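Chain by chain, the residues run as shown.
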Amino acid sequence: MEQKLFKKDNIFIQESFKDNESALIFLSEQLRCKGKVLDGFEEALLEREENYPTGLLVGDINVAIPHVDHKYVKESEILLCTLENPIPFRRMDMPDEEVEVSIIILLAIDSPDGHLEILRKIVKFVQNQEVLRKMFKEKDKDKVSEILDDFFNSSI
């Protein structure tokens with residue numbers, strides 16, 4: 001069986017941040033504390049977000065999918081964070097515009113091509129507003145984990 005895409009300890013529920021930079025710093029710190037990323041990961045993540053925004057306007061619940069070059073990653077991890085209040089991210093498709101994001105999915109992938117397949121799965125997931133709404137309403141990490149497992153095991 002394939003490894004779970006989202007580990008329960010990489011799911012953060014109803015977090016609150018003043019802006020996207022503080023959210024990205026928080027998520028980077030989670031990876032750094034687990035020893036999953038190299039020095040420079042946080043800086044590279046913030047710089048990449050500035051140059052190549054990751055906000056996606058997908059419906060009522062919008063998503064950002066920040067990521068960074070594999071050379072900053074020791075071991076692949078995907079973090080998911082639902083936000084108590086949406087925060088603005090610049091849009092991936094229209095960088096001069098912002099989108100209010102309610103879910104952040106941070107990809108830390110350790111191989112140069114590894115992110116492509118994972119990104120395909122994630123994009124399919126974020127386009128499903130029904131599943132996003134169901135997941136976003138949950139306050140229990142176990143239930144969020146179940147929703148994610150159900151979606152990724154049944155539809156991909």
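About the cut-offs
Residues numbered from 1 in each chain as written. Predicted model: local features only at pLDDT ≥ 70, side-chain atom pairs only at ≥ 80, totals over all residues. Heavy atoms only, no water. Pairing = 2+ DSSP bridges. Helix = DSSP H or I, 4+ residues; strand = E, 2+ residues; numbered from the N terminus. Phe/Tyr/Trp six-rings, centres within 6.5 Å; stacked < 30°, edge-to-face > 60°. Buried < 20%, exposed > 50% of the residue type's maximum accessible area, 1.4 Å probe, protein only. Lys NZ or Arg CZ within 6 Å of the ring centre and 35° of its normal. Salt bridge = Lys/Arg side-chain N within 4 Å of Asp/Glu carboxyl O.

Student: Run through the sheet that holds strand 1 (residues 11–15), naming residues and quoting values.
Tutor: Think of a sheet as strands paired side by side through backbone hydrogen bonds, with each pair either parallel or antiparallel. What the five strands build is an open sheet, ordered 1-4-5-3-2; its pairing is mixed. Edge positions in the sheet fall to strand 1 and strand 2 (55–56), since each of these pairs with one other strand and no more. When strand 1 meets strand 4 (residues 77–90), the two strands line up parallel, connected through three bridges. Within strand 4, the residue paired with Glu 15 across the bridge is Leu 83.

Student: So what about the pairing of strand 4? Which residues, and what values?
Tutor: With 10 bridges joining them, strand 4 and strand 5 (residues 98–108) adopt antiparallel strand pairing. Bridge pairing in strand 5 links Leu 80 to Ile 105.

Student: Outline the packing of aromatic side chains, listing residues and values.
Tutor: Under the definition given, this model contains six aromatic pairs. Ring geometry for Phe 17 and Phe 26: centres 5.3 Å apart, planes at 50 degrees, overall tilted. Take Phe 17: its relative accessible area is 16%, and that puts it in the buried class. In textbook terms, an aromatic cluster arises when at least three aromatic residues are bridged by ring pairs, as seen for Phe 6, Phe 125, Phe 151 and Phe 152. Here the guanidinium or amino end of Lys 141 rests over the ring plane of Phe 12, the centre of that ring lying 5.6 Å away.

Student: If you had to explain the pattern of salt bridges to someone new, which residues and values would you point to?
Tutor: By the definition in use, this model includes 11 salt bridges. For Glu 97, the salt bridge identified is with Arg 91, shortest N-O distance 3.4 Å. Using a relative accessible area of 10% as the deciding quantity, one classes Arg 91 as buried. Through salt bridges with shared partners, a single ionic network connects Lys 7, Lys 36, Glu 75 and Glu 77.

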